[in-house]
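A look at the structure
So you can see what is in the structure, the chains are spelled out below.
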Amino acid sequence: VENEVLCTLNSTLKGRTPRCNEMDSATAQVQTMRDLQDYVDAQEGGPGKGWFRLVTTPAEARQVIAQGKLAVVLGVEISHLFNCTVRYGLLPVLPETQGCDPATVDAQLERLHALGVRQLFPVHEFDNALGGNGIFDGLVLNFGNKLDTGQFWQTYDCPEDDYFYEAGAIMTTVPGAFDNDDPLSTLLRQLAGGTAPVYKSSKRQCNARSITPVGRYAIERMMDRGMIIDLDHLELKMKSEVIDMARARNYPLTSTHGGHGGISMAQARDIFNLGGLIYDYKGTGKGFVSGFLKARETHAASGTQHAFAFGFGADTNGMGAQAGPRTGDNVKPVQYPFTLFSGPDWGGEFSKLKPVRFDQQRSGERLYDTDRDGQAHYGLIADWVEEVRIEGGNEALSALYRSAEVYLQLRERALEA
């Protein structure tokens, strides 16, 4: 994951010449992951001995999992996938310019595939040559889109619909919002470049930019490769257009961290019908169980025969915050120490797993408690699983732990489509 706008701003603020390219950064991070695998191997006896294994096929993943190791699938989530930038001209005088064409898509897709990448987000925070991004922030990211593309988002009123994940955002209108003399208002006026977005509607706004011809080409080539295509961050209509393309090929799709930009109930049923997966952005154990119940009901309503599971999207290495403590009435606290894979909530499917006891996690002088600190760091995921057990019992645990298997089944169907 990378954000070229932040890279450019940070370099400029430090007086350096920006040398920011998201594709180059993503490929460098792939090498870092391989270096990490080599490091773990070195601690555990040599090449192939470590618990951290990068995999490229479902068969590889199953082999690694059978050895009790962690199977890792590489994915890329950037705004300039395949270097497919867009720069809006002064319409209608000057047209938009795009940083890619079908030949570029082919070359860059081959580059990523050869490196072992198997999951892709066609769009991330800002518009690109493939299509429009799903709006979920009506202020900061709009300025980012202006800096990245030369234009604030053009929008329309999001449809009145039943939503699995709410679409769009209430847009912040400028001028008026930043007329003060404080440093933030001054900076935002400067970033606006003398122009300002004015959104007359008080309704939630969706992005008027949808899939482009080169975007359609890229999606088709991803399907030809059997890549896992994530719908998160696509503009609402673009999600439907990609779903229509997938339906023509019986190709499964995913939404793995909260459907940014919105997913309607009809789209959710289509995703499940294609054998796809929908996961929440990682909240508390209480939030996970609420999302699980909603997803299970929607999956059943779709009439699909494909297996159901419900994983979580931690958005690791992203800017989003992790879950805080559970709130509300009658919250049953996590009791330390606790044991996973043991007890009445851990059904027969877990019977072959050795129980694992967890004491409160200590870092330096700090003793962590998930009911006080939430997911303050990634070492507390076991505590979060205990929250899921408390809130949802065996059904929620089964859906969570089944998610890896169902993910692999999805990839197998993608390779066969």
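Our structure is the block above this text.
Anyway, here's the lowdown on the structure attached to this text. Values in this document were obtained by computation on a predicted structure and should not be read as measured data.

The rules behind the values
Residues numbered from 1 in each chain as written. Predicted model: local features only at pLDDT ≥ 70, side-chain atom pairs only at ≥ 80, totals over all residues. Heavy atoms only, no water. Disulfide = S-S within 2.5 Å. Helix = DSSP H or I, 4+ residues; strand = E, 2+ residues; numbered from the N terminus. Buried < 20%, exposed > 50% of the residue type's maximum accessible area, 1.4 Å probe, protein only. Axes fitted to C-alpha atoms, helices over the stretch in contact; angles between N-to-C directions. Parallel < 35°, antiparallel > 145°, perpendicular 65-115°, else oblique. Left-handed = near helix turned anticlockwise from the far one by under 90°. Contact = heavy atoms within 4.5 Å. Nonpolar A, V, L, I, M, F, W, Y, C, P; charged D, E, K, R; others polar. Phe/Tyr/Trp six-rings, centres within 6.5 Å; stacked < 30°, edge-to-face > 60°. Patch = residues over 30% accessible without salt bridge, like charges linked within 9 Å, V, L, I, M, F, W, Y side chains within 5 Å. Areas by Shrake-Rupley, 256 points an atom, 1.4 Å probe, with all protein chains shown as cover. Salt bridge = Lys/Arg side-chain N within 4 Å of Asp/Glu carboxyl O. Lys, Arg positive; Asp, Glu negative; His and termini not counted. Charge placed at Lys NZ, Arg CZ, Asp CG, Glu CD. Polar contact = N/O pair within 3.5 Å; in protein donor to acceptor, adjacent residues only side chain to side chain.

So, the state of the cysteines
Taken as a whole, this structure holds three disulfides when the rule is applied. Two residues share a disulfide in this structure: C84 and C100, whose sulfurs sit 2.1 Å from each other. Its S-S torsion of about 105° marks the bond between C84 and C100 as right-handed, since a negative value means left-handed. In this pair, C84 is assigned in the loop between strand 3 (74–77) and strand 4 (86–87) and C100 in the loop between strand 5 (97–98) and helix 4 (102–114), connecting sequence segments 16 residues apart. Across the pair, C100 and C84 agree in class, each one buried. What connects to what in the protein, once the bonded cysteines are numbered by sequence position, is 1-2, 3-4, 5-6.

Structural notes on the packing of helix 2 (residues 22–43) against helix 4
Taken N-terminus to C-terminus, the directions of helix 2 and helix 4 make an angle of 15°; their axes are 10 Å apart at the nearest point. Taken as axis vectors, helix 2 and helix 4 run roughly parallel relative to one another. Of the two possible hands of crossing, helix 2 and helix 4 adopt the one that is left-handed. Contacts from M23, D24 and T27 in helix 2 reach Q108, R111 and L112 in helix 4. Looking at the contact of helix 2 with helix 4 residue by residue, the class counts come to two nonpolar, two polar and two charged.

Points about unusual backbone geometry
In this structure, P337 follows Y336 across a cis peptide bond, with omega equal to -10°. Turning to its location among the elements, P337 is positioned in the loop between strand 15 (312–313) and strand 16 (338–340). The phi torsion at N330 lies on the positive side, around 60°, for a residue other than glycine. Relative to the helices and strands, N330 is located in the loop between strand 15 and strand 16. Residue class for N330 comes out exposed when judged on its relative accessible area of 82%.

With respect to the packing of aromatic side chains
Summed over all chains, the structure comprises 17 aromatic pairs. With centroids separated by 5.1 Å and ring planes inclined at 50°, the aromatic side chains of F288 and F310 adopt a geometry described as tilted. One end of the pair, F288, is in helix 10 (residues 285–302); the other, F310, is in the loop between helix 10 and strand 15, with 22 residues separating them in the sequence. When sorted by exposure, F288 lands in the same class as F310, which is buried. Where F350 meets Y401, the ring centres are 5.5 Å apart and the plane angle is 90°; that geometry is what we call edge-to-face.

Observations regarding a negative patch on the surface
On the surface, a cluster of negative charge is contributed by D157, E160, D161 and D162. Within the fold, D162 resides in the loop between strand 7 (155–157) and strand 8 (163–165).

With respect to the side chain of R209
Position of R209 relative to the elements: it lies in the loop between strand 9 (205–207) and helix 7 (213–224). Within the local environment of R209, its side chain forms a polar contact with the backbone oxygen of G131, the two atoms lying 3.4 Å apart. Setting aside anything within four residues of it in sequence, one finds R209 in contact with V86, Y88, E96, Q98, D127, N128, A129, G131, G132, Q154 and E235.

Some remarks on the environment of D383
Summarising the element assignment, D383 is placed in helix 12 (residues 381–401). Each C-alpha atom, one on D383 and one on N250, is 38 Å from the other, the two residues being 133 residues apart in sequence. Leave out the neighbours within four places in its chain, and D383 touches V334, Y336, F338 and T370.

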